[in-house]
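# What the coordinates show
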Amino acid sequence: MATPDFIRTIRASAGHQLLWLPGITAIVFDDDGRVLLGRRTDTRQWSVIGGIPEPGEQPAACAVREVFEETAVRCVAERVVLVQALQPVTYPNRDVCQYMDITFRCRAVGGEARVNDDESLEVAWFAVDALPELHEFGVFRIKQAMSDAPTWFDSTTFS
């Protein structure tokens, strides 16, 4: 995942210390109920689509932008399905980040799924009962996006 320029600027003075950042995940379905996934260049694993909003960018607009940038699929954000503070992550360069993930259910409205940037090795649609191996992060978000339940949130605290 490419580091946005505004984060590089912050890191220049903040060093490796913990940064609390917004994160956006987009669970995109097509008219056949398939879900859009990308196989990441950094981990080589299949994953849901997501990224970090630019300063001042609305979360739903970020979801739509990230989907198009990574997959060439045009979509609309339909609803928030999940809000969750994630555990801190330490990257190989020692930068530490903690994300507040907002996950949107999105509907594809155009474009053809293809690799559209350098963040993905592959991009494809998958039937939800035939998903490739995915981290629990993605599986849980897909399940929440398929549900008509209210927005999910975690009421536990970190210790």
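Everything discussed here concerns the structure shown above.
A brief structural summary. All values reported here derive from a predicted model rather than from experimental measurement. (Residues numbered from 1 in each chain as written. Predicted model: local features only at pLDDT ≥ 70, side-chain atom pairs only at ≥ 80, totals over all residues. Heavy atoms only, no water.)

### Comments concerning unusual backbone geometry
In this structure, Arg44 is a non-glycine residue whose phi angle is positive, near 65°. Its identity as a non-glycine residue notwithstanding, Arg94 has a phi of 85°, on the positive side. By the element assignment, Arg94 lies in the loop between strand 6 (89-90) and strand 7 (96-110). (Helix = DSSP H or I, 4+ residues; strand = E, 2+ residues; numbered from the N terminus.)

### Examining the side chain of Arg11
Looking at the element boundaries, Arg11 is found in helix 1 (residues 5-14). Residue Arg11 is classed as buried on the basis of its relative accessible area of 11%. A distance of 2.9 Å separates the side chain of Arg11 from the backbone oxygen of Gly15, its partner in a polar contact. Ignoring any residue separated from it by four or fewer positions in sequence, one finds Arg11 in contact with His16, Gln17, Leu19, Asp95, Val96 and Cys97. (Buried < 20%, exposed > 50% of the residue type's maximum accessible area, 1.4 Å probe, protein only. Polar contact = N/O pair within 3.5 Å; in protein donor to acceptor, adjacent residues only side chain to side chain. Contact = heavy atoms within 4.5 Å.)

### Comments concerning the pairing of strand 7
Looking down a regular strand, the side chains alternate between one sheet face and the other. With eleven bridges connecting them, strand 1 (residues 19-29) and strand 7 associate as parallel partners. For Thr25, the partnering residue across the bridge sits in strand 7 and is Thr103. As paired elements, strand 5 (residues 74-85) and strand 7 share ten bridges and run antiparallel to each other. The residue of strand 7 that forms the bridge with Val83 is Ile102. Pairing geometry for strand 6 and strand 7, over two bridges, is antiparallel. Its bridge partner being in strand 7, Val89 is matched across the sheet by Cys97. (Pairing = 2+ DSSP bridges.)

### What about helix 2 (residues 59-71)?
In this model, helix 2 (13 residues) spans 18 Å end to end at C-alpha, consistent with the 18 Å of a helix rising 1.5 Å per residue. Buried residues of helix 2: Cys62, Ala63, Glu66, Val67, Glu70 and Thr71, and no others. Seen along its axis, helix 2 keeps its buried residues to an arc of 130°; they face one direction. A positive phi of about 65° marks Ala72, the residue just after helix 2. (Expected span 1.5 Å × (residues − 1). Arc of directions from axis to C-beta.)

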